[in-house]
Amino acid sequence: MRKLMFATVLLLSSALTRLQAIPTPDNIGKLISDLKIELANSTTPDDSIKILERISDLKDAPQRVEVLSSIYDIALRTKDYKKACDVLRKQANIEMRSDSMLVNLLNKTLELPQSEYRDETEAFIRITRTSQKLRYGSSLDKQMRLNELLERLTTDPPSNIYDHIVLLHAVCSYVSDSSQGELLSKYMDSLGTLVEKLPKEAYSIRNTYYIQAALAYAENDEPEKSIDADKHMLELIDSLEMNYKREGRVYRDFDGNRFVIYSRMLSNYESLTRREIEDYYAKAKELVKTNARAASTYKYSPQIDIYYAMFNKNYPEALALLKNCIDDDFHKPKKRLLLKHMIKAAKEVGDEKALLRASTEYNDILEDHLDKKYQERYKELQVVYDVYKMKNEYMQLQESKHASENSLNKNIILISCISCAILVILLIVLISLNRKTKRLAKTLAESNSALKIESDNLRRMRAESVRARDQAKKANSLKTDFIKNMSREVNVPLQAITEYSGLIVDCAESSHKKYLERFCHMVELNSELLSTMVNDMLSLADLDSSASAIIINRKSVNLYDLCNMAVDTTRHRVESGVEMKFLPGNQQDVSLYVDPQRIQQILINLLLNAAKFTNEGHINLIPKLSGDKSDIVFTVEDTGIGIPPERKEQIFERFYKLNKESQGAGLGLTISRMLANLLGGTLELDTSYKLGARFVLTVPLTLKEE
């Protein structure tokens, strides 16, 4: 009953935590405050960046600038240039109305090392600057700029794909500003072909293109292309959202963007299948319930209901919705399309009054639209004529170039004749040089004889080096034998010290026994420490001598007994506030065919290491079988001071100690890894563990099921 109540409390607590984590206008401030506290306690640049990104996702666009600047500084300091480029693109999105800020961001980008991410960021900022200039330029400036862009695109297109995309995007933007005809569609198609060649990670440029393409094709009465661009945009959003979730950015929300895309796709309902209509409409309605931005848009503009009703020929409902929203300023950009639907719905319903009103307004708007189309067509023809003129001039330049090349070829022939005469002269000179070469050959033979003598001297020196090397090996062998003998000799007096200290306590009077027991315990601990150091030196000497010096004795042993013995052996070395546990899980009845002595030696080293650096918390030994049951994996984790990830290999070096003042010779991990390799396994530090240190020992085995 108590277990059931405890589980219920845990579930309720977890559910409450998840509810508190959902960003709402009421709790965004608290979420940001909690994240700032977490940021103050972060220990690595990577953790700081992740927390700052979550704070950025909770803030409005203008408030993100300061947070993004902090992320950029950390990214530069840690040389994470991919993250730095990502920040610069986000800042460009926020500062897109300020050309001076965009220029500053572009300069920062150019200061970064050359990479694919830098090229993408540079192109994105240049594209954003084009949009900014287009927004504030005069008609004459725009026309002149378009002519310059077309001339470059026609006569000298860039070879670099990013430069080509920037140029073609600028052409599409300026053409779109003055025309919405076939010319725009042609350039948009060319831009799309280039964008598809970019790496899939170039999200910013793809996002910019798909939005522009969806709007341009829809305005240009090409619904299939508009729908295709929106489908690509949805795929891009799904991919981005998946990446953000993997990075822990739980507050990044794209549902508002999705609602806009679904609405735009439903406006082209005549080119969608029934299955697509039902799918997009259902998703849009669901977003209205779950997303504040979608709900706000739907409140002022129920366009999705209008398109859905028109597709299903529910004309009474469509007409009622159209009457309520047709005069809102919010629908002014879509009024021509909505009036067209209203005319059709009024005809089907038989509402003559609504039909007359809609037809009258539609005719007025259509007249303006046709006049605008005429002006756009005229401008488009002007552009086509300018392009034709540029191409004609380019062809004339090419012909002039060919004529120049022909003239150049004649000059080359003349120069070739002169060169032949020069070659004859050179031939005569070479004959003279050949005679000199023969004389030099004689001198070279003499030099070779001298080099042979030097070579003989080098061989003698090499033989002497080999003898010196052999003597060094012999000295090293003597050193190893000395260490072995000394290590064995030291163990005997150490054991005597420990036994006699215990005997002194046993023989002391009761009044002094408690006092002496404390000193006896200190003698035993220090003797044990010295014995460990001696044994480490002996093990290292055995491992250094040869692989055959260590004999592997495999035999059947119970996993539970093996681990329990290692824990019992080291438990007395644990601090009073630390709990050492063996967590067998469901592996208790498994028998292993391994060398238990070597496995225990490694585990005891790891547990002693954990006990040495853990003052509070726990130390756990966790064994488990690998997925294919070919290996046994031992995990020793603690809540101690931990090990920096950059030291994960240094700690296995001989005599290396993170804390120079700590006990021991710094050989335990070295010997443990050498033994693991000898057993055909591995010993690694798990750097993903953040509560302290976690070592993972993997040993191949022959498994016998009980």
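See the structure printed just above.
Here, residues in each chain are numbered from 1, in the same order as that chain's written sequence. Per-residue local features are limited, in this predicted model, to residues with pLDDT of at least 70; the limit for side-chain atom pairs, both in listing and counting, is 80 or more; totals at the level of whole chains, interfaces and linings are taken over all residues. Note that the side-chain values use all heavy atoms of the structure and ignore hydrogens as well as water.

**Topic: the overall build of the protein chain**
Across its full length, the protein chain holds 23 helices and eight strands. The buried label goes to any residue with under 20% of its type's maximum accessible area, the exposed label to any with over 50%, and the partly exposed label to all in between, with areas taken from a 1.4 Å probe on protein chains only. Expressed as a percentage of its 706 residues, the buried residues of the protein chain come to 38%. Residue pairs in contact within the protein chain that sit at least 24 positions apart in sequence constitute 65% of those at least 6 positions apart. As displayed, the protein chain has an accessible area near 42,100 Å², and 55% of this comes from carbon and sulfur atoms. Helix and strand labels come from DSSP, where a helix needs a run of H or I of at least four residues and a strand needs a run of E of at least two; each type is numbered from the N terminus. Contact definition: two residues touch when any of their heavy atoms are within 4.5 Å. Calculation of accessible area relied on Shrake-Rupley with a 1.4 Å probe; when residues are assessed, cover is drawn exclusively from the protein chains displayed.

**Focus on the pattern of salt bridges**
Between Lys or Arg on one side and Asp or Glu on the other, a salt bridge is scored when a side-chain nitrogen of the former is within 4 Å of a carboxyl oxygen of the latter. Summed over all chains, the structure comprises 32 salt bridges. Here Arg126 ties to Glu122 by a salt bridge, and the two come within 3.9 Å at their closest N and O atoms. Of this pair, Arg126 and Glu122 both sit in helix H7 (residues 116-136), separated by four residues, roughly a single helical turn. Looking at Arg126, the relative accessible area reads 25%, which means it is partly exposed. Judged by its relative accessible area of 19%, Glu122 falls in the buried class. For Asp163, the salt bridge is made with Arg126, and the minimal N-O distance between the two is 2.9 Å. Of this pair, Asp163 sits in helix H9 (residues 161-178) while Arg126 is found in helix H7, placing the two residues 37 residues apart along the sequence.

**Topic: the sheet that holds strand S4 (residues 617-625)**
Hydrogen bonds between backbone atoms are what pair the strands of a sheet, whose relative direction is either parallel or antiparallel. Here a strand pair is declared whenever DSSP counts at least two bridges between the two strands. Within the open sheet, the five strands sit side by side as S2-S4-S5-S7-S6. Their pairing is mixed. Every interior strand has two partners, whereas the edge strands, strand S2 (578-582) and strand S6 (682-685), have only one. Strand-to-strand twist in this sheet, taken as the mean axis angle between neighbours without regard to direction, amounts to 10 degrees. Angles run from 0 to 180 degrees between N-to-C directions of axes, and those axes are lines fitted to C-alpha atoms, restricted for helices to the stretch in contact. Along the sheet face, helix H21 (residues 559-570) touches S2, S4 and strand S5 (631-638) and points at about 160 degrees away from the line of S2.

**With respect to helix H11 (residues 203-219)**
Residue pairs spaced three or four apart in an α-helix point in one direction, given the helix's 3.6 residues per turn. Take the number of residues in a helix, subtract one, and multiply by 1.5 Å to get its expected span. Under the 1.5 Å per step criterion, the end-to-end length of H11 is 24 Å for 17 residues, consistent within 8% with the ideal 24 Å. Among the residues making up H11, those that are buried are Tyr203, Ser204, Ile205, Arg206, Tyr209, Tyr210, Gln212, Ala213, Ala214, Ala216 and Tyr217. Asp221 sits one or two positions beyond H11 and adopts a positive phi of about 60 degrees.

**What about the environment of Val578?**
Following the sequence through the fold, Val578 ends up in strand S2. With 33 residues separating them in the primary sequence, Val578 and Ala611 have C-alpha atoms 8.3 Å apart. The contact partners of Val578, leaving out residues within four places of it in the chain, are Thr614, Asn615, Glu616, Gly617, His618 and Ile619.

**Quick word on the packing of aromatic side chains**
Only Phe, Tyr and Trp rings are paired, with Trp represented by its six-membered ring, and only when their centres lie within 6.5 Å; those with planes under 30 degrees apart are stacked, over 60 edge-to-face, the remainder tilted. Under the counting rule described, the total for this entry stands at seven aromatic pairs. Seen in terms of ring centroids, Tyr560 and Phe582 are 5.4 Å apart; in terms of plane orientation they differ by 50 degrees. Their pairing is tilted. Of this pair, Tyr560 sits in helix H21 while Phe582 is found in strand S2, placing the two residues 22 residues apart along the sequence. For Tyr560, a relative accessible area of 30% translates into the label partly exposed. One cation-aromatic arrangement involves Arg673 over Phe652; the distance from NZ or CZ to the ring centre is 3.8 Å. In this scheme, the term charge over a ring applies when either NZ of a lysine or CZ of an arginine sits within 6 Å of the ring centre and within 35 degrees of the ring normal.

**Looking at the pairing of S2**
Of the two faces of S2, only the one carrying Val578, Met580 and Phe582 is buried; Glu579 and Lys581 on the other face are not. As defined by bridge partners, S2 adjoins S4 across five bridges and the pair is classed as parallel. The residue bridging Lys581 from the neighbouring strand is Asn620, located in S4.

**Section: the nonpolar core**
Within soluble globular proteins, side chains that are nonpolar generally end up buried alongside one another. For our purposes a nonpolar core is just a set of buried Ala, Val, Leu, Ile, Met, Phe, Trp, Tyr and Cys residues, chained together by side-chain atoms within 4.5 Å. Ile165, Tyr187, Met188, Tyr209, Phe259, Ile306 and Met342 are the most contacted members of the largest nonpolar core, which totals 107 residues. Of the residues forming this core, the biggest block, 10 residues, is contributed by H9. Counting 45 residues, the second largest nonpolar core, distinct from the first, contains Leu559, Leu608, Ala611 and Val699.

**Here we look at the side chain of Glu53**
Checked against the element boundaries, Glu53 lands in helix H3 (residues 45-58). In this structure Glu53 comes out as buried when scored by relative accessible area, which is 4%. Among all residues touching Glu53, those that are not within four sequence positions of it are Ile71, Lys83, Glu247 and Arg249.

**So, the packing of H3 against helix H4 (residues 64-77)**
The geometry of H3 relative to H4 is characterised by a closest axis approach of 9 Å and an angle of 165 degrees between their N-to-C directions. One element, H3, and the other, H4, form an angle in the roughly antiparallel class. H3 and H4 meet at a crossing whose hand is left-handed. In this structure, H3 uses Pro45, Ser48, Ile49, Leu52, Glu53, Ile55, Ser56 and Asp57 to contact H4, whose residues at the interface are Arg64, Val67, Leu68, Ser70, Ile71, Ile74 and Ala75. Throughout, the ten residues Ala, Val, Leu, Ile, Met, Phe, Trp, Tyr, Cys and Pro are labelled nonpolar, Asp, Glu, Lys and Arg are labelled charged, and all others, Gly among them, are labelled polar. Looking at the contact of H3 with H4, its residues break down into nine nonpolar, three polar and three charged. Angle categories: roughly parallel below 35 degrees, roughly antiparallel above 145, roughly perpendicular from 65 to 115, and oblique for all the rest. Whether a crossing is left-handed or right-handed is set by the direction in which the near helix is turned from the far one by less than a right angle, anticlockwise for left-handed and clockwise for right-handed.

**Let's talk about the side chain of Asp86**
With respect to the helices and strands, Asp86 occurs in helix H5 (residues 81-94). Contacts described as polar in this section are N or O atom pairs within 3.5 Å, which, within protein, must combine one atom able to donate a hydrogen with one able to accept it, while residues neighboring in sequence count only if both atoms come from side chains. A distance of 3.1 Å separates polar atoms of two side chains, one belonging to Asp86 and the other to Lys90.

**Quick word on the packing of helix H17 (residues 315-325) against helix H18 (residues 335-349)**
It is at 9 Å that the axes of H17 and H18 come closest, and there the two elements cross at 135 degrees. Compared by their axis directions, H17 and H18 come out oblique. Considering how the two elements wind past one another, H17 and H18 form a crossing that is left-handed. Contacts between H17 and H18 involve Tyr315, Pro316, Leu319, Leu322 and Lys323 from the first element and Leu338, His341, Met342, Lys344, Ala345, Ala346, Glu348 and Val349 from the second. The class makeup of the residues in the contact of H17 with H18 is nine nonpolar, one polar and three charged.

**Things to note about unusual backbone geometry**
For residues besides glycine, phi is generally negative; the peptide bonds are generally trans as well. Although it is not a glycine, Lys313 adopts a positive phi angle of roughly 60 degrees. Assignment of secondary structure puts Lys313 in the loop between helix H16 (303-311) and H17. In this structure Lys313 comes out as exposed when scored by relative accessible area, which is 60%. In the Ramachandran plot, Lys629 falls in the positive-phi region, its phi being about 60 degrees despite a non-glycine side chain. Here Lys629 is to be found in the loop between S4 and S5.

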